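The lines below spell out each chain.
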Amino acid sequence: MLLTNIQVATMEGEGCGLIPDGVIALRGGRIGWVGPHTDLPDDMAGQDSRDLGGRLVTPGLIDCHTHLVHGGDRAREFEMRLEGASYEDIALAGGGILSTVRDTRAASVEDLVAAALPRLDALLAEGVCTVEIKSGYGLDIETELDMLRAARALERHRKVRVVTSFLGAHAVPPDYDGRADDYLEEVCLPALRAAHREGLVDAVDGFCEGIAFTPAQIERVFEAAQALGLPVKLHAEQLSHLGGTALAARHGALSADHVEYATADDARALARSGSVATLLPGAFYTLHESQLPPVAAFRRHGVPMALATDANPGSSPLFSLLLAMNMGCTLFRLTPQEALSGTTRHAARALGLADAGRIAPGMRADLAVWDVGHPAELSYRIGFNPLHQRWFNGEIA
């Protein structure tokens, strides 16, 4: 099939790679050809076609950092923050991640799937075709596995591509208080190996922060992951500067995420390693943070910047990637072009995906068709969804 009468943001080359009067040829769930209408090969001219009325077509969006699978909610903590409590105060009082752990442990796989589906649907309704989902709210072996099983099961319920990240090193559970190394040895690393044996994990993540794990402890997790042939990524420099970004770069991580307290030296390290800096304005907004990520340094050193919702029950209850794009522009001073790159080609790179995030021959035919006249409109509007159609694997989803 040919998609005709479209503006195509290929996300190839410089900028958005915009083709004003373009054609996309779909073939077997992939992109067969893309280019200006005037360059359409003669042997394609007679194929079935669909006129899309001059609309903008982008790659299907990619939310490359989420915690969609979990039990319960943390609406009370939202109130507590408004009353003056900090993220660290809430965590040290037994709230935060640990409160979600209690609710998640109490849920079955079926419960976790049922709870995650409405959250996932909110993303799909905005043109998202690929979603990364982390574990990390189990902090025991079986619940960590159940979270990953639930994430995998979402693909059976919706037309979506799910990429999983094992986040056993997310927090230290109460029964291991003061014994983080024992937790890693007795729970986290065995859970990782079990998840790998079951084919549940695509990458391994960690939380390197004063309220979580030190760089030395995260390095143990990274070494175990790499022994299994799994790529790594890291929550780094969100609340302080502990050296997590440099650690991620040394291990060739797919991405370092949050990075508000990253430095120019960290930017140089990420550039050398080829790692992506994933920006998460939803958490910055929700936690009333003031330390901005070093966007200028990332630009200067050529570090690709991804953008994601960080959708989770506590620090970023955000389930709109379009709003995350607007926040990236208004809070972090990204350009609309950078925001779109951050939710397409750079988001794909942050997940290690070579077949998504761009519109080019051989790529997956995951597409978003928008009722807009220019790509900047996707970041410009607040609370408005201009999606016309979502195509997944070459078909309207």
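Keep in mind it's a predicted model, so treat the numbers as computed, not measured.

*Asks:* When you look at the overall build of the protein in this model, what are you seeing that I'm missing?
*Replies:* Looking only at helices and strands, the protein has 15 helices and 16 strands in total. Over its C-alpha atoms the protein spans a radius of gyration of 21 Å, differing by no more than 12% from the 21 Å that the globule rule assigns to 397 residues. Principal axes of the C-alpha set define a box for the protein whose edges measure 70 × 45 × 40 Å. Burial statistics for the protein: of 397 residues in total, 61% are counted as buried. Look at the contacts in the protein between residues 6 or more apart in sequence, and 70% of them connect residues 24 or more apart. When the accessible surface of the protein is summed, it comes to about 14600 Å², and 50% of that surface belongs to carbon and sulfur atoms. Side chains of the protein give 34 positive and 51 negative charges; the mean places of these two sets differ by 3 Å.

*Asks:* Looking at this model, I keep getting lost on the pattern of salt bridges. Mind explaining?
*Replies:* Side chains that differ in charge, positive against negative, can pair when their charged atoms come close. What the rule picks out here adds up to 22 salt bridges. Close ionic contact of Glu 83 with Arg 76 constitutes a salt bridge, the shortest N to O distance being 3.4 Å. On the accessibility criterion, Glu 83 (58% relative accessible area) is exposed. As a salt-bridge pair, Arg 161 and Asp 355 come within 2.9 Å of each other at their nearest N and O atoms. Of this pair, Arg 161 sits in strand S8 (residues 161–169) while Asp 355 sits in the loop between helix H14 (345–350) and strand S14 (367–370), placing them 194 residues apart in sequence. A relative accessible area of 17% places Asp 355 in the buried class. Taken together, the shared-partner salt bridges in this structure form one network comprising Glu 142, Asp 146, Arg 149 and Glu 198.

*Asks:* Honestly, the domain arrangement of the protein in this entry has me stumped. Any pointers?
*Replies:* One can read the domain layout of the protein as domain 1 (2–59 + 358–396) and domain 2 (61–351). Put simply, the middle of domain 1 and the middle of domain 2, counted by C-alpha atoms, are 30 Å apart. With 29 residues of domain 1 at the contact, the number on the domain 2 side is 23 residues. Of the roughly 1900 Å² buried between domain 1 and domain 2 on both sides combined, carbon and sulfur atoms contribute 62%. Together, Met 11, Ser 379 and Arg 390 form the three largest contributors to the area buried by domain 1 at its contact with domain 2, with a combined 30%. At the junction of domain 1 and domain 2, the tally comes to zero salt bridges. Our enumeration of links across domain 1 and domain 2 arrives at eight residue pairs in polar contact (both at pLDDT 80 or more). Where the side of domain 1 that touches domain 2 is concerned, the elements lending two or more residues are strand S5 (56–59), S14, helix H15 (377–380), strand S15 (387–392) and strand S16 (395–396). Its residues assigned to classes, the side of domain 1 that touches domain 2 comprises 17 nonpolar, five polar and seven charged.

*Asks:* Hey, could you run me through the UniProt feature "domain: Amidohydrolase-related" (unreviewed entry) in the protein in this one?
*Replies:* Listed under "domain: Amidohydrolase-related" (unreviewed entry) in the UniProt record, and renumbered for this structure, are residues 56–375. For residues 56–375, the helix share is 44%, the strand share is 15%, and the end-to-end C-alpha distance is 7 Å.

*Asks:* What exactly am I supposed to notice about the packing of aromatic side chains here?
*Replies:* Working definition: an aromatic ring pair is given by the centre-to-centre distance plus the angle between the planes. Inspection of the entire model under this criterion finds three aromatic pairs. An angle of 70° between the planes, with centres 5.8 Å apart, marks the rings of Tyr 176 and Tyr 183 as edge-to-face. Between Phe 284 and Phe 332, the ring centres sit 5.1 Å apart and the planes meet at 75°, which makes this aromatic pair edge-to-face. One end of the pair, Phe 284, is in helix H10 (residues 281–286); the other, Phe 332, is in helix H12 (residues 321–332), with 48 residues separating them in the sequence. Taken together, the aromatic side chains of Tyr 176, Tyr 183 and Phe 213 make up a single cluster linked through ring pairs.

*Asks:* Would you mind going over the nonpolar core with me for this structure?
*Replies:* Nonpolar side chains tend toward joint burial in soluble globular proteins. In terms of nonpolar packing, the biggest core is built from 102 residues, with Val 69, Leu 154, Val 204, Phe 213, Leu 279 and Phe 298 touching the most fellow members. Counting residues domain by domain, this core receives three or more from each of domain 1 (2–59 + 358–396) and domain 2 (61–351). Excluding residues that lie within four positions of it along the chain, Phe 213 makes contacts with Ala 169, His 170, Ala 171, Val 172, Ala 180, Tyr 183, Leu 184, Phe 207, Cys 208 and Ile 218.

*Asks:* Explain the UniProt feature "binding site: Fe(3+)" (unreviewed entry) in the protein here, please?
*Replies:* Using the residue numbers shown here, the UniProt feature "binding site: Fe(3+)" (unreviewed entry) corresponds to His 65, His 67, His 235 and Asp 310. In three dimensions, the annotated residues from a span of 246 residues occupy one location, with a maximal C-alpha spread of 12.4 Å. One can find His 65 in the loop between strand S6 (61–63) and helix H1 (75–82). Those residues in contact with His 65 that sit more than four places away from it in its chain are Glu 132, Lys 134, His 235, Asp 257, His 258, Thr 278, Leu 280, Ala 308, Thr 309, Asp 310 and Ala 311. With respect to the helices and strands, the residue His 67 is situated in the loop between S6 and H1. Those residues in contact with His 67, other than ones at most four positions away along the chain, are Lys 134, Tyr 137, Leu 167, His 170, His 235, Asp 310, Ala 311 and Asn 312. Of note is the side chain of His 67, whose polar atom sits 3.3 Å from the side chain of His 65.

The rules behind each value
- Residues numbered from 1 in each chain as written.
- Predicted model: local features only at pLDDT ≥ 70, side-chain atom pairs only at ≥ 80, totals over all residues.
- Heavy atoms only, no water.
- Helix = DSSP H or I, 4+ residues; strand = E, 2+ residues; numbered from the N terminus.
- Rg over C-alpha atoms; globule rule 2.2 N^0.38 Å.
- Buried < 20%, exposed > 50% of the residue type's maximum accessible area, 1.4 Å probe, protein only.
- Contact = heavy atoms within 4.5 Å.
- Areas by Shrake-Rupley, 256 points an atom, 1.4 Å probe, with all protein chains shown as cover.
- Lys, Arg positive; Asp, Glu negative; His and termini not counted.
- Charge placed at Lys NZ, Arg CZ, Asp CG, Glu CD.
- Salt bridge = Lys/Arg side-chain N within 4 Å of Asp/Glu carboxyl O.
- Domains from an automatic or database assignment.
- Buried area = accessible area lost by both parts, 1.4 Å probe.
- Polar contact = N/O pair within 3.5 Å; in protein donor to acceptor, adjacent residues only side chain to side chain.
- Nonpolar A, V, L, I, M, F, W, Y, C, P; charged D, E, K, R; others polar.
- UniProt positions renumbered as here; feature names shortened; annotations may be inferred.
- Phe/Tyr/Trp six-rings, centres within 6.5 Å; stacked < 30°, edge-to-face > 60°.
- Core = buried A, V, L, I, M, F, W, Y, C linked by side-chain atoms within 4.5 Å.

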